[in-house]
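Each chain is listed here by its residues.
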Amino acid sequence: MRTYLNTEKHLITLQAESEERFLAELRAGNYTAESPLVVKNPYIINPLAAVICFNTDEETTAEITVKGKAIEGDLSHTFAAAKEHVLPVYGLYDDYVNTVVVKLSNGKTSEVKIEVEELNVNKALYCRTTPEYFGKDFMLISTTTPLIESARTVGFDYAGDLRWCITNLQSWDIKKLENGRLLYTSHRTVQKPYYNVGVMEMDFCGKIYKEYRLPGGYHHDAVELENGNILAASDNDFNDSVEDFVVEIERATGAVIKSWDLQKILPRGQGKAGDWNHHDWFHNNAVWYDKPTNSITMSGRHMDAVINFDYDSGALNWILGDPEGWSEEWQKYFFKNVTKGDFDWQYEQHAARILPNGDVFLFDNGTYRSKNEATRVDPEQNFSRGVIYRIDTDKMEIEQVWQYGKERGAEFYSPYICNVDYYGEGHYMVHSGGIATYRGKHTDGLGAMLLNKYKDEHIHLTLESITVEVQNDQLKYELKVQGGNYYRARRVSPYDEKTNLVLGKGELLGGFGVTPEFMKVNFKDAETELPEKHNLNVILEEDRLAIRASFREGSQVFLELKGAEQSKFYNIPTEVHDVTAACVSFEVQNDNDFQFYVSREGLSGEFGIYLNIDSKRYDTHLSVKL
C-alpha cells in the first residue's frame, strides 16, 4: 500500500490564508474605529505585531500611536486615507496589556487594548543610552543559536525593552531596503550546516512579499544595489567548495543575471587562516558594492583577507590583511603599513565594507591573532574590535585610523560572526555578537558549534552579545544580551514614510533550476523494509521534494522516482566535509545526516519513491503527484 504525500504549505501560503481569513471577517462584520477587529500575530511569525481593522463611511486618514511604557517609547504613524483600514501595529510589549490610540482625520479618537502573553525570548541584560540619542529606533539582533529555544531574532527600543521578535528559525543579516521593508534570509535550508534557499523581502509584521530562491542557496550576507537588484553570497558546486561565490539577483524576476566565482580570482591554498579547510577555503561572510570604483568587496574569514575586485571583469584589485603565507606573486596585491602608532592586522574578520571616503570598515574578530599556530594569542588575552583602515591603492599603503574594542580586551572578544555599521563620519556601530565562555574562561570555540560539543554541559557555557554605538569617540549606546549569540545587529526605524501593509499573497521568485539526473541504475530489490537506522523523512514542498536521511559516509545512494513509463534517478552525495566554522546552528549536526532536494521544475506526473543504497533497492511505500 502506498502513501501519497500532501504538499506542505509554504509560509507565504500560510500567511496568505491568515490574511484572507481576517479580511473576510472584516468585510462580513460591522467593525468601526471604536470597535475594530484586532488580529494578533497576523502573519504567524511576529507575536509582537498586530493589525487593527475597521471600516469608515468616508475616506479618512488614520494615525495610530502604540503607547510606550514611558512616553519616550510611544510609536506613531499616519496611514493614507481609505475606507477600509488594515493598520499594521509594531512594537507591542510582551507580558503586557498594550494600548494603541487610533485617531482619524475626522477627529474621532479611540483606544484599543492588545494583551500579549510573555514570550520565552532572551531579554536585554542592560541597555545604556538615552531616548534623546536613540529616538524611536529599534536595535535588531539576529540569532545565530536558534537551537536555544529562547534565542530568537529580536528588536529592542531605547530602554532595552523587547519590541520585535521573529519566532521561526531564521538568521543571517537583516538590512532595511529602500522600500522600507527588510531584506532577510529564507527560513528554508538547502544544505548543512546552514545554507538557505535564498533571501526574502519582509515587513515588520513578518509578512513575506517575495522569496528569492537561488540555485546555489544563500548564506551570510546580501546588499541592495542602486538599481534595486541584490548582491548575495551563494554557493556554486557544494560538492567541490562552499562560500566562494556571489550572485546578482534581478529584483523583478529573481533570476541570477551575473555571478563571480572566487576560484577564478584567488588561489585556493594560500594565506590560510587558523580555521582553514579545503572545502571551505575562503568562507565569505560579506558582500559590498562600491559605486565610485565599480567594485565588489568580500571578506574571506578563512584567509584572514578582505578582497576587492572589479564588478565588470572580476579582476582582483587588492587584498587587505596579513600577507604572511602568500607566495611572492601575490604580494603586489597587499598593502604596506604606514601607520604611525598602534596598528594590527585583522584576523578572521567579518562584515567588511567601503565607506563613502574610500576607507575600509570591518569587524576584526582577531581569532588567534596570528597565522602561525606557535604564536597564537590565548583567548583570555585576546580582543575583537571595529576598525577602519585608510588605503591608498596607488601607493598600496595602509593606515589604521580608528578602532573600538581593543581597550575592552577579552570581554568584547568574539571569535566568529559580528558586524559594524556606519551612520556618518565619526558615528559607528560595533556589534560583538559571538562572545562565549566555558567554565568561566573565554574560548576560541564558536558558540554555534559549542552547543553541539557541550550539549550535556550547557550549564557551564555562557553565550552573549554586546552592541555599542560610538559618536565622536563617545560611547552613546551599549546593549548586552545573554543566553545566545547574535549574528549581526541593525538599527532601524519600524515606522517610516514608506510604511504600508500591502494586501495579497507574496511571490516565489527565482528558482532552483531542473535537478540534474543520474544515469539509469539497476539494483536488486531488497528483501526487507528500509532499515529504521536511516531515519528517512520525506516532505513534498510547493516547489521541491525534500529528502532527509542518515547514511554511512561514502555509501552509494540514489533516489529513484519511479513513474508509469520511466524512472528518474538522482545521486545523493554522502561525502562528509570538514566544518571548522559554523556561524549558525539550526539543528544538531551529525556527520551521517544528509539532505537532498529535487526541484519540482520540469517534473510532472505520479512517482513512487525508492532509495537505492549500496546495491539494494528499497521501496519507501511513498508516492507523489507532481
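Just so we're clear, the structure is a prediction, and the values are computed from it rather than from any experiment.

## Considering the side chain of Asp 280
For Asp 280, the location among the structural elements is in the loop between strand E20 (256-261) and strand E21 (284-290). Within the buried core, Asp 280 has no salt-bridge partner, and the shortest N-O distance to an opposite charge, that of Arg 301, equals 6.9 Å. Aside from chain neighbours lying at most four places away, what touches Asp 280 is Val 242, Glu 243, His 302 and Ala 581.

## Concerning the sheet that holds strand E10 (residues 153-156)
In spatial order, the strands read E11-E10-E9-E35; together these 4 strands make up an open sheet with antiparallel pairing. Only two strands of the sheet have a single neighbouring strand rather than two, namely strand E11 (162-166) and strand E35 (486-492). Recorded for the sheet is a direction-independent mean angle of 20° between the axes of neighbouring strands. Relative to E10, strand E9 (residues 138-143) runs antiparallel, the two sharing 3 bridges. Across the sheet, the residue bridging to Leu 140 is Gly 155, located in E10.

## Description of the pairing of strand E41 (residues 567-572)
Here strand E40 (residues 557-562) pairs with E41 via 6 bridges, running antiparallel. Bridged to Lys 562 within E41 is Ser 567.

## Focus on the pattern of salt bridges
Summed over all chains, the structure comprises 45 salt bridges. Put simply, Glu 507 and Lys 210 hold a salt bridge, and the shortest N to O gap is 2.8 Å. Of the two residues, Glu 507 sits in strand E36 (residues 507-510) while Lys 210 sits in strand E16 (residues 208-218), which places them 297 residues apart along the sequence. A relative accessible area of 38% means that Glu 507 is categorised as partly exposed. For Lys 210, a relative accessible area of 19% puts it in the buried group. Between Arg 488 and Asp 221 there is a salt bridge, with its nearest N and O atoms 3.4 Å apart. With a gap of 267 residues between them, Arg 488 in strand E35 and Asp 221 in the loop between E16 and strand E17 (222-224) connect regions that are remote in the sequence. The same class applies to Arg 488 as to Asp 221, namely buried. Several salt bridges converge on common partners, so that one network encompasses Asp 173, Lys 175, Asp 221, Arg 353, Asp 421, Arg 488 and Arg 490.

## Quick look at the nonpolar core
With 69 residues, the main nonpolar core has Phe 22, Val 89, Val 100 and Trp 164 as its most contacted residues. When near neighbours in sequence (up to four residues on either side) are disregarded, Trp 164 contacts Asn 46, Leu 48, Phe 138, Leu 140, Thr 153, Val 154, Gly 155, Ile 174, Leu 182, Met 202 and Phe 204. Membership of the second largest hydrophobic core comes to 45 residues, among which are Val 190, Val 470, Leu 509 and Phe 512.

## What to know about the side chain of Asn 168
Within the secondary structure, Asn 168 is located in the loop between E11 and strand E12 (175-176). Overall, Asn 168 belongs to the buried group, its relative accessible area being 17%. Leaving out residues up to four positions away in the same chain, Asn 168 has contacts with Leu 11, Ile 45, Arg 152 and His 187.

## Concerning the environment of Ser 299
Mapped onto the elements, Ser 299 comes out in strand E22 (residues 295-300). Sequence separation of Ser 299 and Ala 352 is 53 residues, and the distance between their C-alpha atoms is 6.0 Å. If we ignore the near neighbours within four places in the chain, the residues touching Ser 299 are Phe 282, His 283, Asn 284, Asn 285, Ala 286, Ala 305, Val 306, Gln 349, His 350, Ala 351 and Ala 352. Of the polar contacts made by the side chain of Ser 299, one reaches the side chain of Asn 285; its length is 2.8 Å.

## With respect to the environment of Arg 548
Mapped onto the secondary structure, Arg 548 falls in strand E39 (residues 544-550). Expressed as a C-alpha distance, the spacing of Arg 548 and Val 538, which sit 10 residues apart in the sequence, is 6.4 Å. Filtering out sequence-adjacent residues up to four positions away, Arg 548 remains in contact with Thr 189, Asn 535, Leu 536, Asn 537, Ile 539, Glu 541, Phe 594, Gln 595 and Tyr 597. At a separation of 3.0 Å, a polar atom in the side chain of Arg 548 contacts the side chain of Tyr 597.

## Here's the deal with the packing of aromatic side chains
Inspection of the entire model under this criterion finds 27 aromatic pairs. The residue whose ring lies beneath Arg 128 is Tyr 126, and the NZ or CZ to ring-centre distance is 3.6 Å. Here Arg 491 stacks its cationic end above the ring of Tyr 423, 5.8 Å away from the centre of that ring.

Procedures and definitions
- Residues numbered from 1 in each chain as written.
- Predicted model: local features only at pLDDT ≥ 70, side-chain atom pairs only at ≥ 80, totals over all residues.
- Heavy atoms only, no water.
- Helix = DSSP H or I, 4+ residues; strand = E, 2+ residues; numbered from the N terminus.
- Buried < 20%, exposed > 50% of the residue type's maximum accessible area, 1.4 Å probe, protein only.
- Lys, Arg positive; Asp, Glu negative; His and termini not counted.
- Salt bridge = Lys/Arg side-chain N within 4 Å of Asp/Glu carboxyl O.
- Contact = heavy atoms within 4.5 Å.
- Pairing = 2+ DSSP bridges.
- Axes fitted to C-alpha atoms, helices over the stretch in contact; angles between N-to-C directions.
- Core = buried A, V, L, I, M, F, W, Y, C linked by side-chain atoms within 4.5 Å.
- Polar contact = N/O pair within 3.5 Å; in protein donor to acceptor, adjacent residues only side chain to side chain.
- Phe/Tyr/Trp six-rings, centres within 6.5 Å; stacked < 30°, edge-to-face > 60°.
- Lys NZ or Arg CZ within 6 Å of the ring centre and 35° of its normal.

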